[in-house]
Amino acid sequence: MEEPEMQLKGKKVTDKFTESVYVLANEPSVALYRLQEHVRRSLPELAQHKADMQRWEEQSQGAIYTVEYACSAMKNLVDSSVYFRSIEGLLKQAINIRDHMNAAAQSHR
């Protein structure tokens, strides 16, 4: 081979080698740039989803508290049926006493 042809091949090899080193050296920064670009683009939407989820969690907690409170009230109402039966018995006794007193008052007239 002639010297100029050898130099041309040598230049092509070194150019390709330089280009490969340049691409390899810059590849991580390109990847990081793409990641940063993706995060910058998607972060507002992710932040909005987070805020929505927190709001839904608060609403859910409120609904759970309301249901638990209603269940507790119903349990207390069921537990108080003994007292209602007692009141019913006392009212029946009071009605009987009133009727008896009215009957006694009618017979004295």
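Heads up: these notes are all about the structure in this document. (Residues numbered from 1 in each chain as written. Predicted model: local features only at pLDDT ≥ 70, side-chain atom pairs only at ≥ 80, totals over all residues. Heavy atoms only, no water.)

### A few points about the overall build of the protein
Heads up, the rule is: Only DSSP runs of H or I with at least four residues qualify as helices, and only runs of E with at least two residues qualify as strands; both kinds are numbered from the N terminus onward. Three labels apply to residues, based on accessible area from a 1.4 Å probe with only protein chains included: buried if under 20% of the type maximum, exposed if over 50%, partly exposed otherwise in between. We get accessible surface area from the Shrake-Rupley algorithm with a probe of 1.4 Å; when it comes to residues, only the shown protein chains can shield them.
In terms of helices and strands, the protein carries 2 helices and 0 strands. Within the protein, buried positions represent 3% of all 109 residues. In the structure as shown, the protein presents an accessible area of about 10,400 Å², 64% of it carried by carbon and sulfur atoms.

### Looking at the pattern of salt bridges
Rules: Salt bridge, as applied in this entry: a Lys or Arg side-chain nitrogen positioned within 4 Å of an Asp or Glu carboxyl oxygen.
With the rule as written, the count across this model stands at 5 salt bridges. Residue Arg34 pairs with Glu37 through a salt bridge whose shortest N-O separation is 3.3 Å. Taken together, the residues span about one helical turn, with Arg34 and Glu37 both in helix 1 (residues 3-79) at a distance of 3 residues.

### Structural notes on the side chain of Asp52
Formally: Pairs of N or O atoms are called polar contacts if they sit within 3.5 Å, as long as, within protein, a hydrogen donor faces a hydrogen acceptor (for residues adjacent in sequence, only side-chain-to-side-chain pairs).
As for its placement among the helices and strands, Asp52 is situated in helix 1. By relative accessible area, which is 14% here, Asp52 ends up buried. At a separation of 3.1 Å, a polar atom in the side chain of Asp52 contacts the side chain of Arg55.

### Some remarks on the packing of aromatic side chains
The condition is simple: When the centres of two rings from Phe, Tyr and Trp lie within 6.5 Å, Trp using its six-membered ring, the rings pair. Their planes under 30 degrees apart give stacked, over 60 give edge-to-face, and anything left gives tilted.
Under the criterion given, the structure shown has 1 aromatic pair. Considering the side-chain rings of Tyr65 and Tyr69, the 6.3 Å spacing of their centres and the 20 degrees angle between planes classify their relative orientation as stacked. Taken together, the residues Tyr65 and Tyr69, both in helix 1 and 4 residues apart, mark about one turn of the helix. Each member of the pair Tyr65 and Tyr69 is classed as exposed.

### A look at a nonpolar patch on the surface
Keep this limit in mind: Think of a patch as exposed residues, more than 30% relative accessible area, with no salt bridge, where like charges cluster within 9 Å and nonpolar side chains (Val, Leu, Ile, Met, Phe, Trp, Tyr) cluster within 5 Å.
Taken together, the side chains of Met74, Leu77, Phe84, Ile87 and Leu91 make up a nonpolar region of the molecular surface, amounting to roughly 520 Å² of accessible area. When residues of the nonpolar patch are traced back to their parent elements, those giving at least two are helix 1 and helix 2 (81-108). It is helix 2 that provides the largest number of residues to the nonpolar patch, a total of 3 residues. With respect to the helices, strands and loops of the structure, Ile87 is situated in helix 2. A relative accessible area of 45% means that Ile87 is categorised as partly exposed.

### As for the side chain of Ser80
Positionally, Ser80 belongs in the loop between helix 1 and helix 2. Taking the relative accessible area as the measure of exposure, Ser80 reaches 16% and is therefore buried. Looking at Ser80, its side chain comes within polar contact range of the main-chain oxygen of Leu77, at 2.7 Å.

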